[in-house]
Amino acid sequence: MKYFAMIGGRQYGPMELDDMVREGVRPETYVWCKGMPDWMQASEVPDICRYFRQRLSGTLPSQKTAPVDTSRLQAMDDEEQERLLSQLPPMARDIVRRSGVKLTKENFPDVENRHFPKALPIILYIVCLIVIVIGFLIIH
């Protein structure tokens, strides 16, 4: 499917979904394709949403984070941005760089401070052992 997009007051297209990434289409960008009654925001077009969701699944920070102090974002140096970007998969890094999104520490979960029950591996081992024994008894 070929799409047209309004970016910076100019119409671009026709373009494929991959081209939309390179041209900087964002959720609020208006797009149109043959069969659509009128221009719509990219976030309202199911095919575009599905494409971006599949392409970026699990790679970008959640959009439901608390509002971030913009003065702190401006103070963040390039080195810190690169450190945060390095935590993303390689394909997502380039997309985030081109999008102009500024990452913050709040966008990334603090894995070291997560608490997992110490008994969890033991419980999983016992459950697996029980399933194997029951399977063995059923077969014989």
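Structural data are supplied above this passage.
Residues numbered from 1 in each chain as written. Predicted model: local features only at pLDDT ≥ 70, side-chain atom pairs only at ≥ 80, totals over all residues. Heavy atoms only, no water.

*Asks:* So what's going on with the overall build of the protein chain? Residues and values would help.
*Replies:* Check the secondary structure of the protein chain and you find 6 helices and 4 strands. Secondary structure elements of the protein chain, listed N to C terminal, follow the sequence β-β-α-β-β-α-α-α-α-α. The long-range share in the protein chain, meaning contacts at least 24 apart out of those at least 6 apart in sequence, stands at 44%. Here the protein chain has roughly 10,700 Å² of accessible surface; of this, 60% comes from carbon and sulfur atoms. (Helix = DSSP H or I, 4+ residues; strand = E, 2+ residues; numbered from the N terminus. Contact = heavy atoms within 4.5 Å. Areas by Shrake-Rupley, 256 points an atom, 1.4 Å probe, with all protein chains shown as cover.)

*Asks:* Tell me about the nonpolar core, and name the residues and values.
*Replies:* Generally speaking, a soluble globular protein has its nonpolar side chains buried in company with each other. Judged by nonpolar contacts, the single largest core of 16 residues is most densely connected at Y3, L17, M20, V25, V31, V45 and I48. Residue assignment for this core shows that the elements contributing at least two residues are β1 (3-7), α1 (17-23), β3 (30-33) and α2 (46-56). By size, the runner-up hydrophobic cluster in this structure holds 6 residues, among which are L84, L88, A92 and V96. (Core = buried A, V, L, I, M, F, W, Y, C linked by side-chain atoms within 4.5 Å. Buried < 20%, exposed > 50% of the residue type's maximum accessible area, 1.4 Å probe, protein only.)

*Asks:* Provide a residue-level description of the packing of aromatic side chains, including the pertinent values.
*Replies:* Here the structure, examined in full by the defined rule, presents 1 aromatic pair. Ring geometry for F4 and W32: centres 5.8 Å apart, planes at 40°, overall tilted. A residue pair is termed long-range when its members are at least 10 positions apart, and F4 in strand β1 and W32 in strand β3 qualify at 28 residues. Judged by relative accessible area, which is 27%, W32 ranks as partly exposed. (Phe/Tyr/Trp six-rings, centres within 6.5 Å; stacked < 30°, edge-to-face > 60°.)

*Asks:* Quick rundown of the sheet that holds strand β2 (residues 10-15)? Include the residues and the values.
*Replies:* One open sheet holds the 4 strands; their spatial order is β2-β1-β3-β4, and the pairing between them is antiparallel. With partners counted over all chains shown, the strands left at the sheet margins are β2 and β4 (40-41), one partner each. Strand direction decides the pairing type here: β1 and β2, joined by 4 bridges, are antiparallel. Looking across to β2, one finds that I7 is bridged to R10. (Pairing = 2+ DSSP bridges.)

*Asks:* Can you break down the side chain of T29 residue by residue, with the values?
*Replies:* Along the chain, the position of T29 falls in the loop between α1 and β3. The residues contacting T29, other than those within four sequence positions of it, are A5, M6, I7, G24, M40, Q41 and A42.

*Asks:* An account of the side chain of E80 is requested, with residue identities and associated values reported.
*Replies:* As for its placement among the helices and strands, E80 is situated in helix α4 (residues 78-85). Owing to a relative accessible area of 17%, E80 belongs among the buried residues under this scheme. A distance of 2.9 Å separates the side chain of E80 from the side chain of R83, its partner in a polar contact. (Polar contact = N/O pair within 3.5 Å; in protein donor to acceptor, adjacent residues only side chain to side chain.)

In short, geometric facts, not functional conclusions.
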